[in-house]
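Structure at a glance
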Amino acid sequence: MAIVDVVDVTKIYALGDVEVHALRGVSMSIDAGEFVAVMGSSGSGKSTLMNILGCLDKPTTGEFRLAGELVSKMDSDGLARMRNRTLGFVFQSFNLLSRTTALENVELPLLYADVPAAERHRRAREALGRVGLGERMDHHPNQLSGGQQQRVAIARALVNQPKLILADEPTGNLDSETSIEMMTLFQELWSAGITIILVTHEPDIAAFAGRVVDMKDGRVRFDRRQQPADAKAALVESRAQRGASGEPDSAVQEAPA
Ligand SMILES: Nc1ncnc2c1ncn2[C@@H]1O[C@H](COP(=O)(O)OP(=O)(O)OP(=O)(O)O)[C@@H](O)[C@H]1O
Ligand SMILES: [Mg+2]
């Protein structure tokens, strides 16, 4: 079944007297359980599309169905409900609150959803364990490496048990090996049945997805399925080339508890 169904979607931004045609008629159907990389040059409409898929914005024309529901006709309460029930977001800049711990950052979406405290802690701990950060729950973002901060952000995206994770350039601020590490995590979530749509500029990163949608000037230039590269194997290879061994976390083991 299609989890995402986009039919002839356009998005026009009005900037004073000027109209910016960010999307010029995009159609695509994404099945539950797919891992899609969205590529394309700067300004091609990737983030605009992600904002619509993420129920943060509505198309100017066209239809968008998410998990069978017609989102393009919903009011802002309806959009918020869809976001809380169905979606998890990961951003390039992590978007963590700096003065709160990893655990509290991950609990935040549950706080908004009025989940009781004990249940919040339990679910946030479980999500942090899932991304390999069980030992770092009390650290503040500035006590974590970039890769670890992005793991916290992924745990936060997971804590509501979303059907779909939307990630806009999640490896944009990470070095290449940490990026591959992040892709091992996305591939694990994919194996667990979560649908993933991930924007990237890097072909090496798109190679880990099962499908690539390439955008140009607000349209889909091509959309094709592919045999995904294995991120775990790529990580082993990258570490071997560097002559490294052991855990990638080792550089921050000394961080104060
Ligand atoms: N809020 C806005 N108001 C006006 N124009 C906008 C707005 N957001 C985006 N645009 C314009 O829409 C077009 C598509 O922008 P979008 O952010 O979707 O591109 P992108 O593919 O994500 O680019 P990048 O790779 O640089 O992130 C661009 O021409 C941009 O200037
Ligand atoms: Mg963008």
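For the structure, see preceding data.
Not measured: the values here are computed from a predicted model.

1. Some thoughts on the overall build of the protein chain
Helix and strand content of the protein chain: 8 helices and 10 strands. Against the compact-globule benchmark of 18 Å for 257 residues, the protein chain has a radius of gyration of 19 Å, which places it among compact chains. C-alpha extents for the protein chain along the principal axes are approximately 55 × 45 × 40 Å. Of the contacts formed within the protein chain by residues at least 6 apart in sequence, a portion of 69% connects residues at least 24 apart.

2. Some details on the site of ligand 1
Around ligand 1, the structure places Tyr13, Leu15, Val20, Ala22, Gly40, Ser42, Gly43, Ser44, Gly45, Lys46, Ser47 and Thr48. At 3 residues, the largest contribution of residues to the shell around ligand 1 is made by helix H1 (residues 46-53). When the residues that make up the shell around ligand 1 are grouped by side-chain class, the tally is 4 nonpolar, 7 polar and 1 charged.

3. Remarks on the sheet that holds strand S3 (residues 35-40)
The mixed open sheet is built from 6 strands, whose spatial order is S6-S7-S8-S3-S9-S10. A single partner strand is all that each edge strand has here, and the edge strands are strand S6 (87-91) and strand S10 (219-225). Pairwise comparison of adjacent strand axes, ignoring direction, gives a mean angle of 15° for this sheet. Relative to strand S7 (residues 164-168), S6 runs parallel, the two sharing 5 bridges.

4. Some thoughts on helix H6 (residues 176-191)
At 3.6 residues per turn, the α-helix brings residues three or four places apart onto the same side. In a regular helix each residue adds 1.5 Å, so 16 residues correspond to 22 Å; H6 covers 23 Å between its end C-alpha atoms and thus fits that length. Here H6 has its buried residues at Thr178, Ser179, Ile180, Glu181, Met182, Met183, Phe186, Gln187, Leu189 and Trp190. Where H6 is buried, its residues meet S3, helix H5 (146-158), S7, strand S8 (195-199), helix H7 (203-206) and helix H8 (231-242).

Thresholds applied
Residues numbered from 1 in each chain as written. Chains lettered and ligands numbered in written order. Predicted model: local features only at pLDDT ≥ 70, side-chain atom pairs only at ≥ 80, totals over all residues. Helix = DSSP H or I, 4+ residues; strand = E, 2+ residues; numbered from the N terminus. Rg over C-alpha atoms; globule rule 2.2 N^0.38 Å. Contact = placed C-beta atoms within 7 Å. Near = placed C-beta within 6 Å. Nonpolar A, V, L, I, M, F, W, Y, C, P; charged D, E, K, R; others polar. Pairing = 2+ DSSP bridges. Axes fitted to C-alpha atoms, helices over the stretch in contact; angles between N-to-C directions. Expected span 1.5 Å × (residues − 1). Buried ≥ 20, exposed ≤ 12 C-beta atoms within 10 Å, placed from the backbone.

Remember, this is a structural readout, not a statement about activity or role.
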